[in-house]
Amino acid sequence: MENIDHQSSENSNLPHQPAGELSNNHFTQLPQSLILVVDDSQIQLTSITNHLKKAGYTVIETTNPYTALNLAREQKPDLILSDYFMPEMDGMALGEAIKSNPETSHIYFILLTANDRQSDRYHALNSFADDYLQKPISPQELLARVNSVMRITKLQKELKDRNHQLEMAIKDLERANMELKNTQAQLLQQEKMASIGLLAAGVAHEINNPICYVDMNLGTMLEYLEPIENAFRKVDQIISAIPKDTEPSIIEKIQEYKDYYQQEDISYILEDMKNMIKESREGSERVKEIVQTLRDFSHVDHSKRQYTNIHHGIDSTLKIAWNEIKYKANVVKEYHDIPEVFCYPQQLNQVFLNVIVNAAHAIKDKGEIRIKTWADDRYVYIAVSDTGCGIPKENLSKIFEPFFTTKPVGKGTGLGLAMSYNIIKKHKGEIAVESEVGKGTTFTIKLPIESDLRNEQQNVEIVQYS
Ligand SMILES: Nc1ncnc2c1ncn2[C@@H]1O[C@H](COP(=O)(O)OP(=O)(O)O)[C@@H](O)[C@H]1O
Ligand SMILES: [Mg+2]
């Protein structure tokens, strides 16, 4: 049997041949398979290398184990064949260095050894070597072993690729799942807002009619009071004009009237009635205003993209949220001159509502909510600041996620900011948050004045709430 150790003059420039022609026929060799051979004997090295090259492998070779370490790191061979006895660093040490470096630990390592001490071989196999070959090595055995390693590495590579594909598929699935959750959350919120909008519109409609005639009647009553007062004044004038010597029975009747007037405090009643009707009118005015706000908030006319006065939107939202705010915060408005914005006003109102109500919720006892607006050439900015509890750093990245809430069940759904984020995104705007625990939070909304929405009018689908 021909042994590699006995061969010394193989021509290393032989053209590469496919593995199948030289070794077994059922092996399909991977063209990219790279083998690193390390042996301090140049003769042995050349001989092994030539055999491998003839079988079609790409081979790098070195007599220096330190160079081998570098080559392994840089070129990532599929297999290292290393001699055992080498003066500078033996095969054991090289193998251990290869396997303890995470960059190279995956490389298959075969130790070539003339040492027939079983304990050394066991030690090598137990600690770092994937296999060993006993010298003298026959070319057939060498190729059979290498081919078998290559089959294993090919399978390992395929497994790794499949794993990678699976991981990617899982990531895609997770992303799709998140999007689905997001959409579900939005739908839920839209559904909720739709019913609130409908309810508000319905209530507003129902109240509108009666409050209009209550207000009108109060106006008429106020007008009626004037002639009544005049009539009493006239009676007073007539009484004072009656001469003192008039018939006593008439004087008596007049006194009777005067006593009744005094007793019932008619002049006070007339004055008080006037005030009461005035107050009631103020009340009905207020109800009319609320009804108008509700209609503004949920009215179908407002469901189209249109040039909108953002200040009006914020004001009507403040009225809606007033109950949540009034005991908690003073509202300070710092409105600057801003142009009208091309947007879905109703949707933006919902964003303002979410952010303002969140600000009120963040304030424990009493604080301030400051609403500032300004503009540059292309954008309008709305900043809502509060002096509330602030948001801890670890929560800042989560607050826009659907269902993230720190509020008790019933008070928070965790959907407000997720929905706000999506609405602002649809407007090609941005929503940013700055917060310091214990000091307060500022949400800043940046909206393009002439949004691209103008060009996408047909494509963007936004569910209307009423
Ligand atoms: N102004 C704010 N100050 C402090 N925390 C806030 C503020 N705005 C939002 N948050 C935090 O973000 C979370 C998510 O808000 P949001 O999506 O509106 O849902 P929800 O208000 O239903 O909890 C809140 O539960 C709260 O922890
Ligand atoms: Mg909220």
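Residues numbered from 1 in each chain as written. Chains lettered and ligands numbered in written order. Predicted model: local features only at pLDDT ≥ 70, side-chain atom pairs only at ≥ 80, totals over all residues.

## Overview of the site of ligand 1
As a matter of local geometry, ligand 1 sits amid 22 residues, with Ala362, Thr405, Gly412, Gly416 and Leu417 nearest to it. Considering every element that reaches the shell around ligand 1, the biggest residue donor is helix α11 (residues 345-362), with four residues. In terms of residue class, the shell around ligand 1 is made up of nine nonpolar, eleven polar and two charged. (Near = placed C-beta within 6 Å. Helix = DSSP H or I, 4+ residues; strand = E, 2+ residues; numbered from the N terminus. Nonpolar A, V, L, I, M, F, W, Y, C, P; charged D, E, K, R; others polar.)

## Regarding the sheet that holds strand β9 (residues 367-375)
Strand order across the open sheet formed by five strands is β7-β9-β10-β12-β11, with mixed pairing between neighbours. Since the sheet does not close on itself, it has two edges, and those belong to β7 (329-335) and β11 (430-436), each with one partner. Sheet twist, expressed as the mean angle between neighbouring strand axes with direction ignored, is 15 degrees. When β9 meets strand β10 (residues 379-386), the two strands line up antiparallel, connected through seven bridges. By the bridge assignment, Ile371 is partnered in β10 with Val384. Against the sheet, α11 contacts β7, β9, β10 and β12 (440-448), and its axis sits at roughly 20 degrees relative to β10. (Pairing = 2+ DSSP bridges. Axes fitted to C-alpha atoms, helices over the stretch in contact; angles between N-to-C directions. Contact = placed C-beta atoms within 7 Å.)

## Structural notes on the pairing of β11
Sheet topology note: the β11/β12 ladder contains seven bridges and is antiparallel. Note on β12: the bridge partner recorded for Glu430 is Lys446. If you look at the hairpin formed by β11 and β12, you'll find three residues sitting between the two strands, and Gly438 has a positive phi there, around 90 degrees.

## Let's talk about the pairing of β9
Both β7 and β9 contribute to a ladder of seven bridges, which runs parallel. Following the sheet pairing, Ala329 is matched in β9 by Gly367.

## Things to note about the sheet that holds strand β5 (residues 131-134)
If you walk across this open sheet you meet the five strands as β2-β1-β3-β4-β5, and the pairing is parallel. The strands lining the two open edges of the sheet, one partner per strand, are β2 (58-62) and β5. Put simply, the sheet's adjacent strands are angled 20 degrees from each other on average, direction ignored. In this structure, strand β3 (residues 79-83) lies alongside strand β4 (residues 108-113), joined through five bridges in parallel fashion. When the bridges of β4 are listed, Leu79 appears paired with Tyr108. Helix-sheet contacts for helix α2 (residues 42-54) involve β1 (34-38), β2 and β3, and the interaxial angle to β2 is about 175 degrees.

## Some remarks on the environment of Leu142
By the element assignment, Leu142 lies in helix α6 (residues 139-241). Exposure remark for Leu142: the 22 C-beta atoms within 10 Å place this residue in the buried category. Spatially, the C-alpha atoms of Leu142 and Leu52 are 8.5 Å apart, while their sequence positions differ by 90 residues. (Buried ≥ 20, exposed ≤ 12 C-beta atoms within 10 Å, placed from the backbone.)

## Here's the deal with unusual backbone geometry
Following Lys135, the chain continues to Pro136 via a peptide bond in cis, the omega torsion being -5 degrees. Locating Pro136 in the fold gives a position in the loop between β5 and α6. The phi dihedral of Lys76 is positive, around 45 degrees, even though this residue is not glycine. Within the secondary structure, Lys76 is located in the loop between α3 (65-75) and β3. Taking the number of C-beta atoms within 10 Å as the measure of exposure, Lys76 has 13 and is therefore partly exposed. One non-glycine residue, Lys428, lies in the positive phi region at around 60 degrees. As for its position among the elements, Lys428 is in the loop between α13 (416-426) and β11.

## Description of the packing of α11 against α13
Between α11 and α13, the least distance of the axes is 9 Å, while the angle of their chain directions is 145 degrees. Of the two elements, α11 crosses α13, and the hand of that crossing is left-handed. Where α11 approaches α13, its residues Gln347, Leu348, Gln350, Val351, Asn354, Val355 and Asn358 are matched on the opposing element by Gly416, Leu417, Met419, Ser420, Ile423 and Ile424. Across the contact of α11 with α13, the residue classes break down as seven nonpolar, six polar and no charged. (Left-handed = near helix turned anticlockwise from the far one by under 90°.)

## Overview of the environment of Asn209
Here Asn209 shows up in helix α6. Distance from Asn209 to Lys288, taken between C-alpha atoms, is 9.8 Å for residues 79 residues apart in sequence.

## A few points about the confidence of the model for the chain
For the chain, per-residue confidence averages 85 on the pLDDT scale, and 86% of positions sit at 70 or higher. Counted against residues more than four places away or in other chains, residues 5-31, with its pLDDT under 50, gives 45 contacts. Per-residue pLDDT stays below 50 along residues 456-466; that stretch engages in 22 contacts with residues further than four places along the chain or on separate chains. (pLDDT = per-residue confidence, 0-100.)

## Remarks on the packing of helix α9 (residues 310-320) against α11
Interaxial distance between α9 and α11 falls to 9 Å at its minimum, and their mutual angle equals 50 degrees. One way to sum up the angle between α9 and α11 is to call them oblique. Read as a crossing pair, α9 and α11 show a hand that is right-handed. Contacts between α9 and α11 involve Gly313, Ile314, Ser316, Thr317, Leu318 and Ile320 from the former and Pro345, Leu348, Asn349, Phe352, Leu353 and Ile356 from the latter. Counted by class, the contact of α9 with α11 contains eight nonpolar, four polar and no charged residues. (Parallel < 35°, antiparallel > 145°, perpendicular 65-115°, else oblique.)

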